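Coordinate analysis (summary)
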Amino acid sequence: MTDIHALRDDFPIFNKQLDGQPLCYLDSAATAQKPNKVIDVIKNFYENENSNVHRGLHTLSENATIRYEGARETIATFLNVSAKEIVWTSGATESLNLLAHCLSNGLNANSKIVISPFEHHANIVPWQEACKRTGAQLLVLPMLESGVLDEQGAIALLQAHKPDILSIGHVSNALGNIQPIEPLIKLCKALGTKTVIDGAQSLMHLRPDLKALDCDFYVFSAHKSLGPTGVGGLYGRYALLNALPVYKTGGEMIHEVTFAHSSYRDAPGKFEPGTPNISGVIGFAAAINYLNGIDSMALQRHEQVLYHSLLEKLTKIAGVTVYGDTNNNVGIVSFNYKNEHHYDLATLLNTYGVAVRSGHHCTQPLMKMLNVNGTVRASLAFYNNEDDIEHFINALKATIELLD
Ligand SMILES: Cc1ncc(COP(=O)(O)O)c(C=O)c1O
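What you see is a predicted model; the values in this text were computed from it and never measured. (Residues numbered from 1 in each chain as written. Predicted model: local features only at pLDDT ≥ 70, side-chain atom pairs only at ≥ 80, totals over all residues. Heavy atoms only, no water.)

Moving on to the packing of aromatic side chains. For the coordinates displayed, the defined rule picks out eleven aromatic pairs. Residues Phe11 and Tyr383 carry aromatic rings whose centres are separated by 4.8 Å and whose planes lie at 55° to one another, so their mutual orientation is tilted. Residue Phe11 is found in the segment before β1 (17-18), and its partner Tyr383 is found in the loop between β17 (375-379) and α14 (386-403); the two are separated by 372 residues along the sequence. Pairwise contacts between aromatic rings join Phe11, Phe14, Tyr290, Phe382 and Tyr383 into one cluster. Of note, Arg8 hangs over the ring of Phe14, and the distance from its end group to the ring centre comes to 4.3 Å. Between Lys84 and the ring centre of Tyr238, over which it is positioned, the NZ or CZ distance is 4.4 Å. (Phe/Tyr/Trp six-rings, centres within 6.5 Å; stacked < 30°, edge-to-face > 60°. Helix = DSSP H or I, 4+ residues; strand = E, 2+ residues; numbered from the N terminus. Lys NZ or Arg CZ within 6 Å of the ring centre and 35° of its normal.)

And the structure:
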């Protein structure tokens with residue numbers, strides 16, 4: 001049995017004081033903190049194992065290659081897919097750019113791409129560019145006034161338009177909503193619509209089983225899931241992935257090059273030109289191994305207890321408005337207090353050692369639909385505890401007293 005409360009000790013950042021105060025970190029949706037196991041693996045790689053992959057016959061290079069390819073197995077097993085279906089990228093943003101570029105190949109003015117109102121800019125702008133290149137139309141699923149996806153409206157829109165592609169986030173980074181992607185994927189399959197799921201916010205909280213989800217593509221980011229920054233990846237159903245045209249080109253992704261012509265490796269190699277982020281990939285695998293050691297049900301229970309405690313205390317404060325789906329949520333609370341500016345709230349909270357995010361959270365269209373120019377976002381992870389919630393609420397009350 002995992003003792004969830006003890007896991008906080010694995011994260012060295014919580015031993016430090018920040019401006020003379022303990023750190024109350026409520027910004028895991030921006031990036032998760034890193035356990036010793038991840039930090040140590042990266043340090044050890046550079047101290048004892050550093051070498052380039054795939055190129056050398058010497059021992060260090062062979063070992064680095066084994067670790068790098070082993071990491072692909074690790075993430076594939078975690079997601080319940082095959083290693084050849086995993087492509088390493090620099091993160092969710094690059095994965096979405098790759099997919100928007102490659103999947104839009106062959107689209108035309110009759111084509112349709114659908115996204116949801118909750119998308120991060122990384123899952124909007126690449127599709128807009130794809131539409132500009134091809135003449136395809138970008139459509140947006142409907143939202144209820146409560147800040148929840150209108151599921152029936154979404155189904156009706158998909159049935160009416162039979163789009164070429166649906167690209168939707170599994171979890172909203174701005175609000176924490178867990179989207180009802182299962183029925184949408186099922187419907188898309190029947191309609192012949194390719195499905196892209198932005199899993200940047202879900203890996204650490206929901207541990208998705210991609211075989212069960214049955215989506216075509218799923219993108220993820222290491223740093224949101226205890227791993228290092230600058231690395232992430234995508235899953236693609238192999239036949240679809242291998243049929244995609246190349247995206248970035250260069251060394252390593254080729255089969256043969258002449259001055260007249262180049263031929264390419266099969267996926268995933270053809271999407272990984274140049275020297276990859278080797279230490280990042282190995283560090284990401286360490287993060288996944290760390291998560292594998294935690295009972296996922298216990299992790300989710302702990303996060304839900306903290307989330308509902310935070311929500312209950314926050315909504316007792318008169319003048320607080322909370323946005324989004326509070327029934328299906330990974331543990332992100334997005335709120336405003338009266339007409340106070342979210343920047344002022346976050347800046348004052350920082351003076352109490354509270355790290356929260358404020359602004360539009362890279363979801364400007366969603367903020368417009370919610371009729372706000374931004375929110376304060378407190379986002380939880382399993383390494384938070386009830387003390388963090390108490391500290392945050394007390395700091396918020398003190399902040400409000402200063403502002404009122
Ligand atoms: C839902 C969502 N998608 C995509 C991204 C971009 O991820 P990355 O930092 O890996 O590029 C983020 C980052 O905040 C996100 O929250």
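So, on to the sheet that holds strand β10 (residues 232-236). Within a sheet, each strand pairs with its neighbour through backbone hydrogen bonds, oriented either parallel or antiparallel. Reading across from one edge, β4-β10-β9-β8-β7-β5-β6 is the order of the seven strands in this open sheet, with mixed pairing throughout. Lying at the two open borders of the sheet, with one neighbouring strand each, are β4 (86-89) and β6 (137-140). Here the strands of the sheet are splayed against their neighbours by 20° on average, with no regard to which way each runs. Here strand β8 (residues 194-198) pairs with strand β9 (residues 217-221) via three bridges, running parallel. The residue of β9 that forms the bridge with Ile197 is Tyr218. Sitting on the sheet, helix α3 (residues 92-103) touches β4, β7 (165-169), β8, β9 and β10, and the angle it makes with β9 is about 155°. The strands that helix α6 (residues 181-191) touches are β7 and β8; relative to β7, the one it contacts most, it runs at about 170°. (Pairing = 2+ DSSP bridges. Axes fitted to C-alpha atoms, helices over the stretch in contact; angles between N-to-C directions. Contact = heavy atoms within 4.5 Å.)

Here we come to α14. Between its terminal C-alpha atoms α14 stretches 26 Å, which fits the 26 Å expected from 18 residues at 1.5 Å a residue. Within the sequence span of α14, burial applies to Asp388, Ile389, Phe392, Ile393, Ala395, Leu396, Thr399 and Ile400. Buried residues of α14, seen end-on, are gathered within an arc of 165° and therefore sit on one face of the element. Projecting away from the buried face of α14 at angles above 90 degrees are the exposed residues Asp387, Glu401 and Leu402. Tucked into the core, α14 has its buried residues touching β3 (24-25), α11 (296-315), β14 (332-337), α12 (342-350), β15 (354-355) and β17. (Expected span 1.5 Å × (residues − 1). Buried < 20%, exposed > 50% of the residue type's maximum accessible area, 1.4 Å probe, protein only. Arc of directions from axis to C-beta.)

Attention shifts here to the domain arrangement of the protein. As far as domains go, the protein holds domain 1 (4-30 + 295-403) and domain 2 (40-292). One C-alpha centre belongs to domain 1, the other to domain 2, and the line joining them spans 28 Å. Interface of domain 1 and domain 2: buried area, both sides summed, is about 2500 Å²; carbon and sulfur atoms make up 61% of it. Considering only the surface of domain 1 that becomes buried against domain 2, Val330, Cys362 and Leu366 emerge as the three largest contributors, covering 21% of it. At the surface where domain 1 touches domain 2, the tally comes to zero salt bridges. The tally of links between domain 1 and domain 2 comes to 16 residue pairs in polar contact (both at pLDDT 80 or more). Every element with two or more residues in the side of domain 1 that touches domain 2 is listed here: α11, β14 and α13 (364-369). Ranked by residue count, the leading element in the side of domain 1 that touches domain 2 is α13, at five residues. (Domains from an automatic or database assignment. Buried area = accessible area lost by both parts, 1.4 Å probe. Salt bridge = Lys/Arg side-chain N within 4 Å of Asp/Glu carboxyl O. Polar contact = N/O pair within 3.5 Å; in protein donor to acceptor, adjacent residues only side chain to side chain.)

For the rest of this paragraph, the subject is the pattern of salt bridges. The full count for this structure, using the stated rule, is 16 salt bridges. Taking the shortest distance from any N to any O, the salt bridge between Glu69 and Arg72 comes out at 2.8 Å. With a gap of three residues between them, Glu69 and Arg72 both fall in helix α2 (residues 59-79), about one helical turn apart. The exposure class assigned to Glu69 is partly exposed, which follows from its relative accessible area of 28%. Of the charged contacts, one joins Glu312 and Lys316 as a salt bridge, the two residues approaching to 3.4 Å between their closest N and O atoms. Given the relative accessible area of 64%, Lys316 is considered exposed. A single salt-bridge network, built from bridges that share partners, covers Lys189, Asp214, Asp216 and Arg237.

Time to look at the site of the ligand. All residues in the neighbourhood of the ligand are listed as Gly91, Ala92, Thr93, His120, Ala122, Asn173, Asp198, Ala200, Gln201, Ser221, His223 and Lys224. At 2.6 Å from a nitrogen atom of the ligand is found a side-chain nitrogen or oxygen belonging to Asp198. Note that an oxygen atom of the ligand is positioned 2.8 Å from one of the side-chain N or O atoms of Gln201. Across the shell around the ligand, the residue classes break down as three nonpolar, seven polar and two charged. (Near = heavy atom within 4 Å. Nonpolar A, V, L, I, M, F, W, Y, C, P; charged D, E, K, R; others polar.)

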